[in-house]
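Structure assessment
Each chain, written out:
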Amino acid sequence: MGMIIDGKAISQAVKDEVRAEVAELETKFGRKPCLCVIIVGENPASQVYVRNKVKAAEYTGMGSRLIALPAEVSEEELLAQIAALNEDAGVDGILVQLPLPKHIDEEKVIDAISPAKDVDGFHASNVAGLWLGKDCIVPCTPAGIMRLIDSTGVDLCGKTAVVVGRSNIVGKPVAKLLLDRNATMTIAHSRTADLGAVTRQADVLVVAVGKAGLVTGDMVKPGAVVIDVGMNRDSAGRLCGDVDFTSCADVAGWITPVPGGVGPMTIAMLMKNTIRCYLQRIQ
Ligand code: NDP
């Protein structure tokens, strides 16, 4: 059986790293980094994510603000709130929890956040920065995935990497990060003809689809690093990934569990990104 990559332990180490940095920065500059999270409406999953983000910020000792707006808030009001936070010298990072209610244009909202405070790394100028190889804010989940892969000690240079899923928030950015580390990249998606034939080539396999049990043991190359980004509910309501853990763990060299893999890393990397935004602004 492959080794389990303990995302919970690794994310805890990252949060402890941030906690030490926050204390040091406060001493040095006389102000703590501050993350502001905006939630619109009462989507239960979003409420859990937001609560966990604020809790993590509190753990690290950084400042945090939670702005909860009603589902009926107008796009103009939300944009005005963001504009005020962009100008607020005491706020280093702004995160708007997605998805937003249908009457609000998400792209407009993301583009309204100052790129310097865009802790999610979703703003077009940060996305362009990533693809142009510039120093920029990298989205949290892909950054966390890279940290999990690095924890295995596998050198990515020259390896074959396959990412299943091509979303703007996970699939595409993680593919670029793997490419930057000199892996040979393939991105598979819903139109990929023979998914198993593609995934079986992968020394590193990242699955970000949103379909429970999509990847089974027969689709994994023996010894591969398997990263399961999926967050689904099984028939009993339990959280599960896109990868069939039992059959894949038998074949993989390393594998992330769900829960306890990528999920906690996303939040830990959000803390890192907040520090980064703070440092860019204060120096
Ligand atoms: P999207 O729905 O935006 O993208 C899903 C991707 O999967 C698409 O590119 C789609 O292809 C592809 N796809 C769909 N069906 C298949 C299939 N049968 N075979 C191969 N590819 C397929 O999802 P996200 O990237 O936002 O999220 C993916 C999963 O990761 C979700 O479960 C989400 O909850 C989870 N997630 C977890 C995070 C964490 O912190 N742990 C953070 C973000 C997401 P096509 O483009 O052709 O439609």
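Everything numeric here is computed off the predicted structure, so don't read it as measured data. (Residues numbered from 1 in each chain as written. Predicted model: local features only at pLDDT ≥ 70, side-chain atom pairs only at ≥ 80, totals over all residues. Heavy atoms only, no water.)

Some points on the pairing of strand 5 (residues 160-164)
The criterion, for reference: Partly exposed describes any residue whose relative accessible area lies between the buried limit of under 20% and the exposed limit of over 50%, with all areas from a 1.4 Å probe on protein chains only and scaled to the type maximum. Secondary structure elements are defined from DSSP: runs of H or I of at least 4 residues count as helices, runs of E of at least 2 residues count as strands, and each element is numbered from the N terminus. Strand pairing is assigned whenever DSSP identifies at least 2 bridges connecting the two strands. We call a crossover right-handed when, viewed with both strands directed away from the observer, the connection leading from the first strand over the helix to the second proceeds clockwise.
Within strand 5, 4 of the 5 residues are buried, which leaves it mostly tucked inside the rest of the structure. Taken together, the 5 bridges between strand 5 and strand 6 (residues 184-188) define a ladder with parallel strand orientation. Considered in strand 6, the bridge of V164 is made with A188. Crossover handedness for the path strand 5 to helix 7 (residues 171-180) to strand 6: right-handed. Bridge analysis of strand 5 against strand 7 (residues 204-207) gives 4 bridges, and the strand direction is parallel. Residue V162 lies in a different strand from strand 7, and its bridge partner there is L205.

Structural notes on the site of the ligand
The condition that has to hold: If even one non-hydrogen atom of a residue comes within 4 Å of a molecule or strand, that residue is called near it. Counted as a polar contact is a pair of N or O atoms within 3.5 Å, where, for protein atoms, one must be capable of donating a hydrogen and the other of accepting one, and residues adjacent in sequence contribute only when both atoms are in side chains. Each accessible area is a Shrake-Rupley result for a 1.4 Å probe, and residues are judged covered by the shown protein chains and nothing else. All amino acids are sorted into three groups, where Ala, Val, Leu, Ile, Met, Phe, Trp, Tyr, Cys and Pro are nonpolar, Asp, Glu, Lys and Arg are charged, and the leftover types, Gly among them, are polar.
Taken together, 22 residues lie around the ligand, and R166, S167, S190, M231 and T266 are the ones closest in. Contact between the ligand and K211: a nitrogen atom at 3.2 Å from a side-chain N or O atom of the residue. Here an oxygen atom of the ligand sits 3.4 Å away from a polar atom, N or O, in the main chain of V229. For the ligand, the accessible surface in isolation is 930 Å², of which the surrounding protein chains cover 71%. Residue contributions to the shell around the ligand peak at 3 residues, all from helix 10 (residues 262-282). Per-class residue counts for the shell around the ligand are 10 nonpolar, 10 polar and 2 charged.

A word on the pairing of strand 8 (residues 225-228)
Burial along strand 8 is two-sided: V225 and I227 and V226 and D228, pointing in opposite directions, are all buried. Taken together, the 4 bridges between strand 7 and strand 8 define a ladder with parallel strand orientation. Within the sheet, the bridge partner assigned to V204 lies in strand 8 and is V225. When strand 8 meets strand 11 (residues 254-255), the two strands line up parallel, connected through 2 bridges. Residue pairing across strands places V225 opposite W254, the latter belonging to strand 11.

Overview of the sheet that holds strand 6
What counts here: Residue contacts are defined here by distance: any two heavy atoms, one from each residue, within 4.5 Å place the two residues in contact. In this description, a line fitted to the C-alpha atoms serves as the axis of each element, helices being fitted only across the stretch in contact, and the angle between N-to-C directions of two axes falls anywhere from 0 to 180 degrees.
Spatial ordering of the open sheet is given by 1-11-8-7-5-6, a layout of 6 strands whose pairing is parallel. The open sheet has two edge strands with one neighbour each: strand 1 (3-4) and strand 6. Of the strand pairs in this sheet, strand 1 and strand 11 are connected by 2 bridges, and their pairing is parallel. Within strand 11, the residue paired with M3 across the bridge is W254. Each of strand 5, strand 6 and strand 7 is contacted by helix 7, which is oriented at about 170 degrees to strand 5, the strand it contacts most.

A word on the domain arrangement of the protein chain
Quick note on the threshold: The domain limits used here are those given by an automatic or database domain assignment.
As far as domains go, the protein chain holds domain 1 (30-114) and domain 2 (140-263). Computed over C-alpha atoms, the centres of domain 1 and domain 2 are 29 Å apart.

Side note on helix 1 (residues 7-29)
Short version of the rule: Helix span, as expected, comes to 1.5 Å for every residue beyond the first.
If you check helix 1, its first and last C-alpha atoms are 32 Å apart, about what 23 residues at 1.5 Å a residue would give, namely 33 Å. Within the sequence span of helix 1, burial applies to G7, I10, S11, V14, K15, V18, V22 and L25. Between the side-chain oxygen at the start of helix 1 and the backbone nitrogen of K8 there is a gap of 3.2 Å, and the oxygen is on D6. Once helix 1 ends, the next one or two residues include G30, with phi positive near 75 degrees.

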